[in-house]
Amino acid sequence: MDDRPSSSDSTRLKWTESKTGKKMVTCSLQFDESSDDDLEKLMTPSSKKRLATPRVSLDSPMEEYVSPCFQELYQSNGPRPKRFRSFESRKNLFHTTVQKQFSESIGANEAKENLSDDQPQEQPGKTGDGQLQLCLPTIPGSVHDLHNITPETLSSLLENGYQDVVKSFRIIDCRYPYEYAGGHIKGAENIFTEEGILHLLHQKRNHTDTERHILIFHCEFSSERGPRKCRFLRNKDRQLNKEKYPYLNHPEVYLLHGGYKAFYYSYKQLCEPPSYVPMLHKEHANDLRVFRKKSKSWTAGEKKQYALMNIQI
């Protein structure tokens, strides 16, 4: 007896016969709650057994047919794919989804996790040595232990808006070289390793009330790499000058709120070249591995997301 459901039973399933005569579902199969019963009929005994095991927490039989790489996204309240057309479409959809989730996950929450409880915070409105008032306006920002400035403030600085008080400034781009080459703020220096930060530490200049020499750090979002390198500089500066506390080689350090991405979308004309290459650009997967290892900037959160990116699908 043919147990194939009629078109009235389900309009979302298409059936075909393979060379072996076994039933199979074509790539045009769509998943939603109304098709669970039909999908359950298609499941093999072994599939049902795996579905029933405690270690697999699936809400409905239809998830058995979702690629394993999507199960983790689904179970973590990620977006639920509606259509699987081919291997390439699954792969592309997965990459796009993970890229978006990764970009959001390395925001303020991860920055807070990586900030130790005993991390000294900057005095509000004061330079790191506590001697002078900050010469640039700051905002609260998502990284609370650093002085955050807006893209508007940086653009004004680039256009000589603070030349009466700022003697010199250096923009430290903590992104990886392929991101920097793909577009950076005019005059920015690409320093993404701790060795480069240590070299910067010893390039000190006299800091007075009328001649400020300031540093401005940023990365793609200024939520992870930029703040980390900024804190690393300050900690090493404290260690280097512990006998002359509170003296610092670089007492006035800022963080660009929103990072290069925020600045680029507001002031493309101040970027060279006027473009933006994300860290997770698909054409730079190998570069990402190389520079991550070289920068020694792994975190628990990044490892988890990076592993998710490389799931074989």
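Right, let's walk through the structure included here. Computed from a prediction, not measured in an experiment: that's the story for all the values here. (Residues numbered from 1 in each chain as written. Predicted model: local features only at pLDDT ≥ 70, side-chain atom pairs only at ≥ 80, totals over all residues. Heavy atoms only, no water.)

1. Observations concerning the pairing of strand β7 (residues 212–218)
Here comes step 1: Most of β7 is tucked away, with seven of its seven residues classed as buried.
Here comes step 2: Where burial is concerned, the two faces of β7 agree: the one with R212, I214, I216 and H218 and the one with H213, L215 and F217 are both buried.
Here comes step 3: The sheet contact formed by strand β4 (residues 166–173) and β7 spans seven bridges and is parallel. By the bridge assignment, F169 is partnered in β7 with I214.
Here comes step 4: Of the strand pairs in this sheet, β7 and strand β8 (residues 253–256) are connected by three bridges, and their pairing is parallel. Looking at the pairing, L215 lines up with V253 of β8. (Buried < 20%, exposed > 50% of the residue type's maximum accessible area, 1.4 Å probe, protein only. Helix = DSSP H or I, 4+ residues; strand = E, 2+ residues; numbered from the N terminus. Pairing = 2+ DSSP bridges.)

2. Some points on the sheet that holds β4
Here comes step 1: The sheet built from five strands is open, its strands ordered β3-β8-β7-β4-β6 with parallel pairing. Only two strands of the sheet have a single neighbouring strand rather than two, namely β3 (148–149) and β6 (189–190).
Here comes step 2: Of the strand pairs in this sheet, β3 and β8 are connected by two bridges, and their pairing is parallel. Residue pairing across strands places N148 opposite L255, the latter belonging to β8.
Here comes step 3: Packed on one face of the sheet, helix α6 (residues 151–158) meets β3, β4, β7 and β8 and runs near 125° to β4. (Contact = heavy atoms within 4.5 Å. Axes fitted to C-alpha atoms, helices over the stretch in contact; angles between N-to-C directions.)

3. Comments concerning the environment of L255
Here comes step 1: Structurally, the position occupied by L255 is in strand β8.
Here comes step 2: The exposure class assigned to L255 is buried, which follows from its relative accessible area of 1%.
Here comes step 3: Residue contacts for L255: discarding those within four places in its chain leaves V143, L146, H147, N148, I149, F217, H218, S222, G226 and P227.

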